[in-house]
Amino acid sequence: MSLPLEGLTAIVTGAGRGLGRAEALELARLGAAVVVNDYGQSGRDGSGAASGTPAEEVAAEIRAAGGRAVAHTGDVADHEQARVLVESAVTEFGKLDILVNNAGILRDRMVFSMSEDEWDSVVRVHLKGHFNTTHFASVHWRARSKAAGGPVYGRIVNTSSEAFLAGSAGQPNYAAAKGGIVGLTTSTALALVKYGVTANVICPRARTRMTEDVFAGLTEPDEGLDPLAPAHVAPLVGYLASPAAAHVNGQLLVVHGGMVAIVERPRVAAKFDTKQETFSYDELDALLTPHYADRPKGETFAAVEVLGLKRGQDADTAVSPASPGR
């Protein structure tokens, strides 16, 4: 019996540690050849010298288990290095079929204290990094589709965060970048579907180097799998990368602790029409002020209820914890 990803080639960025490592191992377990990308800096804020060791160790782990893998140690936020990454997949394994964007850094601070560099660096790695690899992968798939005269196989799995959904107060750079990734994903999903490519985005919660302080007060269980283990996230990535997910496109899914939640697109909550040619201040005041006066105190566009989701709980009964999960 063949494996679901047998004969396919995947790139996983930020795959030297944490979630990316778990995802790369899962894709390899399902039969894919994997290009393991990681810039290898030691600090979660992007500090420290670049190192090939994390990516090379994961690639070696895949090969030791009987899989096929090579390491790539470039910075995906660098446009040229992202091009080389995509080309390396084609050179090593003949084509690219799956792109998993996971690489990222954190530089948390309140918006009134955040420096320009703290903003730029996080947006660069997360949002620009996702764009760079997506751009070159889409060029590859579009060219293959034109040569074949029809759709080819392509899967993109991007990584957003509950920080975007819930509006994490201490992470304006991270939340904005992750929100941008959702927009990039839905745009890409519509642009590439005719070539046979799907694009989806996940909001994972896991205990990794990125979240070690967030989950510092939550101890791992003495028995069984840690509810915050990256292993809870990797199978969903494997599924979205597979032929079985051919009809899943442009979707946002929250995943952690043995739970997957499909997040519905925004709905229009209310609509007001002017009784004149155009609105006046007084008319808007008469319509909008009472509308918002009746809304729950503190309610915003942020979907903080997602932070209360857990395995075995109905989505309608979720309550919001005090702090975001990732």
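Structure: see above.
Residues numbered from 1 in each chain as written. Predicted model: local features only at pLDDT ≥ 70, side-chain atom pairs only at ≥ 80, totals over all residues. Heavy atoms only, no water.

Student: Residues and numbers for the overall build of the chain, please.
Tutor: If you tally the helices and strands in the chain, you get eight helices and eight strands. C-alpha atoms of the chain, sized along the principal axes, occupy 70 × 55 × 45 Å. A buried classification covers 48% of the 326 residues belonging to the chain. Here the analysis covers contacts within the chain between residues at least 6 apart in sequence; of these, 68% occur between residues at least 24 apart. Counting every atom, the chain has about 16,200 Å² of accessible surface; 55% of that belongs to carbon and sulfur. Here the chain contributes 30 positive and 37 negative side-chain charges, whose respective centroids are spaced 5 Å apart. (Helix = DSSP H or I, 4+ residues; strand = E, 2+ residues; numbered from the N terminus. Buried < 20%, exposed > 50% of the residue type's maximum accessible area, 1.4 Å probe, protein only. Contact = heavy atoms within 4.5 Å. Areas by Shrake-Rupley, 256 points an atom, 1.4 Å probe, with all protein chains shown as cover. Lys, Arg positive; Asp, Glu negative; His and termini not counted. Charge placed at Lys NZ, Arg CZ, Asp CG, Glu CD.)

Student: Break down the packing of helix α4 (residues 116–148) against helix α6 (residues 172–192) for me, with residues and values.
Tutor: Following both chains from N to C, one finds α4 and α6 inclined at 15°, their axes separated by 8 Å at the closest point. Judged by the angle between their axes, α4 and α6 are roughly parallel. For the element pair α4 and α6, the recorded crossing hand is right-handed. Side by side, α4 and α6 meet where E118, W119, V122, V123, H126, L127, H130, F131, T134, S138 and W141 of the first sit next to P172, N173, Y174, A176, A177, K178, G180, I181, L184, T188 and L192 of the second. Grouping the amino acids of the contact of α4 with α6 by side-chain chemistry returns 13 nonpolar, seven polar and two charged. (Axes fitted to C-alpha atoms, helices over the stretch in contact; angles between N-to-C directions. Parallel < 35°, antiparallel > 145°, perpendicular 65-115°, else oblique. Left-handed = near helix turned anticlockwise from the far one by under 90°. Nonpolar A, V, L, I, M, F, W, Y, C, P; charged D, E, K, R; others polar.)

Student: Kindly report on the pairing of strand β7 (residues 252–256), identifying the contributing residues and their values.
Tutor: Across the five residues that make up β7, a large majority, five, are buried. The alternating pattern of β7 places L252, V254 and H256 on one face and L253 and V255 on the opposite face, and all of these are buried. Sheet topology note: the strand β6 (residues 197–204)/β7 ladder contains four bridges and is parallel. Bridge pairing links V201 to L252 in β7. With five bridges connecting them, β7 and strand β8 (residues 259–263) associate as antiparallel partners. (Pairing = 2+ DSSP bridges.)

Student: Describe the layout of surface pockets, naming the residues involved and giving the relevant values.
Tutor: Space inside the largest pocket adds up to approximately 1,400 Å³. Surrounding the largest pocket, 37 residues form its lining, E264, R265, P266, F301 and A303 being those nearest its centre. Mapped by element, the contributors of at least two residues to the lining of the largest pocket are α5 (162–166), α6, β8 and α8 (281–293). The dominant element in the lining of the largest pocket, judged by the number of residues it contributes, is β8, at five residues. Looking at the lining of the largest pocket, its residues break down into 22 nonpolar, eight polar and seven charged. (1 Å grid on protein atoms, 1.4 Å probe; cavity = no way out; pocket = protein on both sides within 12 Å on 5 of 7 lines; lining within 4 Å. Points joined across faces, edges and corners; volume = space filled by probe spheres on them.)

Student: Could you give me a rundown of the nonpolar core, with the residues and numbers involved?
Tutor: Judged by nonpolar contacts, the single largest core of 33 residues is most densely connected at A24, L27, V34, V36, I62, I98 and I202. The set of elements that each furnish at least two residues to this core consists of β1 (9–12), α1 (18–29), β2 (33–37), α2 (53–64), β4 (98–100), α7 (234–240) and β7. When sequence neighbours within four positions are dropped, the list of residues in contact with V36 reads V12, A15, A24, A55, V58, A59, I62, V70, A71 and H72. One finds W141, A189, Y195 and V197 within the second-largest nonpolar core, a separate group that totals 23 residues. (Core = buried A, V, L, I, M, F, W, Y, C linked by side-chain atoms within 4.5 Å.)

Student: Account for the pairing of β6, with residues named and values stated.
Tutor: In summary, the side chains of a regular strand alternate between the two faces of the sheet. Counting buried residues along β6, eight of its eight residues qualify, which places the element largely inside the surrounding structure. Residue alternation in β6 divides its side chains into two sets, V197, A199, V201 and C203 and T198, N200, I202 and P204, and both sets are buried. Summarising the sheet, strand β5 (residues 154–159) and β6 pair through six bridges and their orientation is parallel. When the bridges of β6 are listed, I156 appears paired with A199.

Student: I'd love a proper account of α4, names of residues and values included.
Tutor: With 33 residues, α4 extends 46 Å from end C-alpha to end C-alpha; this agrees with the ideal 48 Å at 1.5 Å per step. At R124, α4 is bent by approximately 35°, the largest bend along its length. In the stretch just after α4, G149 is the one whose phi turns positive, near 75°. (Expected span 1.5 Å × (residues − 1). Bend = angle between axes of the 7 residues up to and from the residue.)

Student: How would you summarise the environment of D294 if you had to cite specific residues and measurements?
Tutor: Checked against the element boundaries, D294 lands in the segment after α8. Residue class for D294 comes out exposed when judged on its relative accessible area of 66%. Separated by 68 residues in the primary sequence, D294 and D226 place their C-alpha atoms 42 Å from one another.

Student: Requested: an account of the environment of F136, with residues and values cited.
Tutor: Tracing the backbone shows F136 in helix α4. Separated by 51 residues in sequence, F136 and L85 have C-alpha atoms that sit 9.0 Å apart. Discounting chain neighbours no more than four positions away, the residues touching F136 are H79, A82, R83 and V86.

Student: An account of a nonpolar patch on the surface is needed here, citing residue identities and associated values.
Tutor: A cluster of nonpolar residues, F272, F279, L284, L288 and Y292, forms a patch on the protein surface that exposes about 430 Å² of accessible area. Checked against the element boundaries, L284 lands in helix α8. (Patch = residues over 30% accessible without salt bridge, like charges linked within 9 Å, V, L, I, M, F, W, Y side chains within 5 Å. Salt bridge = Lys/Arg side-chain N within 4 Å of Asp/Glu carboxyl O.)

Read these as layout, nothing more, since geometry by itself doesn't imply function.
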